[in-house]
Amino acid sequence: MTHTVFDWRIYAEATCAGLTPLVPIPFVDIALEAVFRRRMPGTIATVRSRTLAKGSAIALGRGTGTLVSVEGCLRIPFTVLRYVLRRIWRKLIYVFAIADAAKLVSEYWHRAYLLDHLIRAGHAAPGVDWPRSAAVFTRVLGGADTSPLMGLARQTVANAHRVARMLIRARNRGAEDETESLSEILRANWDVAEGSLMSIAMRYNEEYR
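Below you will find a few notes about this structure. (Residues numbered from 1 in each chain as written. Predicted model: local features only at pLDDT ≥ 70, side-chain atom pairs only at ≥ 80, totals over all residues. Heavy atoms only, no water.)

## Focus: the packing of aromatic side chains
The condition that has to hold: By convention, a stacked pair of Phe, Tyr or Trp rings (six-membered ring in the case of Trp) has centres within 6.5 Å and planes under 30 degrees apart, an edge-to-face pair has planes over 60 apart, and any other such pair is tilted. Consider the ring centre and the ring normal. A charge sits over the ring if Lys NZ or Arg CZ is within 6 Å of that centre and within 35 degrees of that normal.
Under the defined criterion, the tally for this structure stands at six aromatic pairs. An aromatic cluster is defined as three or more aromatic residues linked by ring pairs; in this entry it consists of Phe6, Trp8, Tyr11, Tyr113 and Trp190. A cation over a ring is seen here: Arg132 above Tyr208, with NZ or CZ 4.0 Å from the ring centre.

What follows is the structure, given as structure tokens:
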């Protein structure tokens, strides 16, 4: 594994996705998270001047959750109601939303690092077995320990203000410029942070082989 030079463009979309629990409107937070998550593969490929195979960006931009079963469909109304009540409650008790956001920011930083590693390795390029890469990517993310970056994520979340407005602007104008002020904490601690991030890339290499 080789160290990478910190580039906020790789992590701007990820940070936006991680901050969505702070959006005080149920379902808008989910929609915004999906937007930034889906944009991550294409943005990172552009930064690294790489071409993605057709369909790979969609696969790599999916969430790590599984689709509901037929039996689960019957419980959808109750799931939706529980989600709405939980979100409203957490917006009222803001500290819970902050904890959610810190956890999600850390998870998305790991996702961005692994995407960058995968794309730089050419594992999502035209002519390669990118479905295999996407399957390993999803599996490794699902078992990743993202706790080592929680401290930096909390500091980043604490420095985010008027989050809903910022995320709407980032969606419309681009995440890099709108979130530049949030880059300093991760940038200043990059050497330490990458020590944790590299472990997920090494696990990907092992499982890919």
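Picking up where we left off.
## Concerning the side chain of Glu33
As a reminder, the rule being used: Here a helix means four or more residues in a row that DSSP labels H or I, a strand means two or more in a row labelled E, and each is numbered from the N terminus. Relative accessibility thresholds used throughout: buried, under 20% of the residue-type maximum; exposed, over 50%; partly exposed, between the two (1.4 Å probe, protein chains only). Neither His nor the chain termini are counted; the positive set is Lys and Arg, and the negative set is Asp and Glu. Salt bridges are identified by distance alone: a Lys or Arg side-chain nitrogen within 4 Å of an Asp or Glu carboxyl oxygen. Should any heavy atoms of two residues lie within 4.5 Å, those residues are counted as being in contact.
Following the sequence through the fold, Glu33 ends up in helix H2 (residues 28-47). At 4.1 Å, Arg37 is the nearest oppositely charged side chain to Glu33, a buried residue that forms no salt bridge. Ignoring sequence-local partners within four residues, the contact set of Glu33 consists of Ala17, Thr20, Leu104 and Tyr108.

## Overview of the nonpolar core
Note the cut-off: What is meant by a nonpolar core is a set of buried Ala, Val, Leu, Ile, Met, Phe, Trp, Tyr and Cys residues, joined one to another through side-chain atoms within 4.5 Å.
Counting residues in hydrophobic clusters, the biggest one holds 61 residues, and the most contacted among them are Tyr11, Leu19, Trp109, Tyr113, Leu167, Leu186 and Trp190. Filtering out sequence-adjacent residues up to four positions away, Leu19 remains in contact with Ala101, Val105, Val157, Ala160, Val163, Met166, Leu167 and Leu182.

## A few points about the side chain of Ser183
With respect to the helices and strands, Ser183 occurs in helix H11 (residues 183-188). Apart from the residues lying within four places of it in its own chain, the contact partners of Ser183 are Phe6 and Trp8.

## With respect to the environment of Ser181
Relative to the helices and strands, Ser181 is located in the loop between helix H10 (175-178) and H11. Put simply, Ser181 and Ala160 are 21 residues apart on the chain and 8.6 Å apart in space, counted from C-alpha to C-alpha.

## Looking at the packing of helix H1 (residues 8-19) against H2
To characterise two packed helices, one gives the angle between the axes of the helices and the distance between these axes. Spelled out, the test is: Where helices are involved, their axes are fitted lines through C-alpha atoms of the stretch in contact, as for all axes, and angles between N-to-C directions lie from 0 to 180°. Should an angle lie under 35 degrees it is considered roughly parallel, over 145 roughly antiparallel, and from 65 to 115 roughly perpendicular; all remaining angles are considered oblique. As a working rule, the residues Ala, Val, Leu, Ile, Met, Phe, Trp, Tyr, Cys and Pro are called nonpolar, Asp, Glu, Lys and Arg charged, and the rest polar, with Gly in that last group.
Between H1 and H2, the shortest axis-to-axis distance is 8 Å and the interhelical angle comes to 175 degrees. In terms of orientation, H1 and H2 fall into the roughly antiparallel class. Together, Arg9, Ile10, Glu13, Ala14, Cys16 and Ala17 of H1 and Glu33, Phe36, Arg37, Arg39, Met40, Thr43, Ile44 and Val47 of H2 make up the contact between the two elements. Grouping the amino acids of the contact of H1 with H2 by side-chain chemistry returns eight nonpolar, one polar and five charged.

## Some thoughts on helix H7 (residues 130-142)
Convention followed: By this rule, a helix spans an expected 1.5 Å times one less than how many residues it contains. What the arc describes is the spread of directions from the helix axis to the C-beta atoms.
For H7, spanning 13 residues, the distance from its first C-alpha to its last is 18 Å, which sits close to the expected 18 Å at 1.5 Å a residue. Burial in H7 covers these residues: Ser133, Ala134, Val136, Phe137, Val140 and Leu141. Looking straight down H7, one finds its buried side chains confined to an arc of 165 degrees; they lie on one side. Buried-residue contacts for H7 involve helix H3 (56-60), helix H6 (94-120) and helix H12 (190-208).

## Quick word on unusual backbone geometry
Of note, Ser49 is a non-glycine position whose phi angle comes to about 55 degrees, a positive value. Along the chain, Ser49 turns up in the loop between H2 and H3. Phi is positive for Arg162, which is not a glycine, with a value near 50 degrees. Within the secondary structure, Arg162 sits in the loop between helix H8 (150-158) and helix H9 (163-173).

## Quick notes on the pattern of salt bridges
This structure, assessed with the given rule, holds 11 salt bridges. The partner of Asp116 in a salt bridge is Arg120, and the shortest N-O contact between them spans 3.4 Å. Taken together, the positions of Asp116 and Arg120, both in helix H6 and four residues apart, correspond to about one turn of that helix. Overall, the relative accessible area of 1% leaves Asp116 in the buried class. Residue Arg120 is classed as partly exposed on the basis of its relative accessible area of 25%. Put simply, Arg169 and Glu178 hold a salt bridge, and the shortest N to O gap is 2.9 Å. The class of Arg169 is partly exposed, set by a relative accessible area of 28%. Among the charged side chains, a network of salt bridges with common partners joins Arg48, Asp116 and Arg120.

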